[in-house]
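The chain contents come next:
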Amino acid sequence: MEFNVQLQLAGLLEWMHQQMNACHGKTAVIGISGGKDSSTVAALAVAAYGKENVMGVLMPDGVQPDIDYSNGLVDVLDIPHVTINIHDAVQGVVKEMERVGLTPSRQTLVNLPSRIRMATLYAVAQTVEQGIVINTSNLSEDWVGYCTIYGDSAGAFSPLGMYTTEEVIALGRALGLPERFLIKPPSDGLTGKTDEDNLGFTYHAVNEYIRKGEVDPAIKEQIDRKHKVSRFKFQ
C-alpha cells in the first residue's frame, strides 16, 4: 500500500493534539540531535502546537562534532532552545563508579549519556510551562531494539513510533525541512559508527521486511533475533 504522506500528516497532527491534551501539557520538550527523527518531531510539534510552544534541548557530551546540525535546525524552525552540556554529569557518574571499585563496561559508557539526556529533558520539562517530553524514536529502530531503555526511548508519546525511517523522511520533506536534516546518517555519538554499522544491516532492509515481508534470509534471521531479544524494552 502506497504511503500517502499528506493523509498521514493530517491524522498525525490531530493525534498529537489529542496526546498533548491528554497529558494536560502545553510545551513540547524535544532533544535535538539534528538528525531526521528529532528534526521531524520538532517540525511536527511546530505544526501542531506553534513554535512558541516548543522547547528544543541540545545536549552535547563535551565537544560534539556535528552540533552544527542541531544549531541549524533550531534556527530553521525558529524555536526556543537551550544548550545543556551533559559531559560533567556523565563523567561525575563514571568517576563515582570508579571510586567505589566499579569499572564501567563499554555498554555502560554507550548508554549512560542517553539516560543522562533523558533525565535532562525531564528536568527541563518540569521547569518550563506544562512541559511534556516527546519521544523521537521511529518504528525501524524500535523494531530491532536500537534504543536505550529509560534513555532515548522515553517520552510521554511517540509521534514517529509507527513510521519507518523512509516514512519519517517523507514526513520531514512534506513539512518543508531542508534535505540536510533528513539525510544525515544517524550515529551513536560515541564510537564514530553509524547505526547501520552497529546493526550489521540497513534500515532499508528492516523497512522492506516490516512493510512488505521481503528480506534476504540471512538478514531476516538477524532482524528476528534482535526483535525478539529487545521486546522487554517495550513491555
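Above this note sits the structure.
So, a few notes on the structure that sits alongside this text. Everything numeric here is computed off the predicted structure, so don't read it as measured data. (Residues numbered from 1 in each chain as written. Predicted model: local features only at pLDDT ≥ 70, side-chain atom pairs only at ≥ 80, totals over all residues. Heavy atoms only, no water.)

### Re the sheet that holds strand 4 (residues 131–133)
In plain terms, the rule: Only strands that DSSP links by at least two bridges are regarded as paired with each other. Here a helix means four or more residues in a row that DSSP labels H or I, a strand means two or more in a row labelled E, and each is numbered from the N terminus. Under this scheme, a helix contributes an axis fitted over its contacting stretch, all axes are lines through C-alpha atoms, and angles between N-to-C directions fall in the 0 to 180 degree range.
Spatially, the 4 strands line up as an open sheet ordered 3-2-1-4, and their pairing is parallel. A strand with exactly one partner marks an edge of an open sheet, and here the two such strands are strand 3 (81–83) and strand 4. Along the sheet, successive strands turn relative to each other by an average axial angle of 25°, direction set aside. In this structure, strand 2 (residues 54–58) lies alongside strand 3, joined through 3 bridges in parallel fashion.

### Examining the pairing of strand 1 (residues 27–31)
Heads up, the rule is: Per-residue accessibility, obtained with a 1.4 Å probe over protein chains only, is compared with the maximum for each type, and a residue is labelled buried under 20%, exposed over 50%, and partly exposed between these values. Handedness is read with the strands pointing away from the viewer; a crossover is right-handed when the path from the first strand over the helix to the second is clockwise.
Most of strand 1 sits inside the fold, with 5 of its 5 residues counted as buried. Of the two faces of strand 1, the one lined by Thr 27, Val 29 and Gly 31 and the one lined by Ala 28 and Ile 30 are each fully buried. Note that strand 1 and strand 4 share 3 bridges and pair parallel. Its bridge partner being in strand 4, Ala 28 is matched across the sheet by Ile 132. When strand 1 meets strand 2, the two strands line up parallel, connected through 4 bridges. The partner of Ala 28 across the bridge, within strand 2, is Val 54. Considered for its hand, the β-α-β crossover made up of strand 1, helix 2 (residues 36–49) and strand 2 is right-handed.

### Re the nonpolar core
Using the following cut-off: We call a set of buried residues a nonpolar core when its members are Ala, Val, Leu, Ile, Met, Phe, Trp, Tyr or Cys and they connect through side-chain atoms within 4.5 Å of each other. For this analysis, residues touch if any pair of their heavy atoms sits within 4.5 Å.
With 34 residues, the main nonpolar core has Met 16, Ile 30 and Tyr 49 as its most contacted residues. Per-element tally for this core: the top contributor is helix 2, with 7 residues. Those residues in contact with Tyr 49 that sit more than four places away from it in its chain are Met 16, His 17, Met 20, Ala 28, Ile 134 and Phe 157. Ile 86, Val 94, Leu 121 and Val 124 belong to the second-largest nonpolar core, a separate cluster that totals 13 residues.

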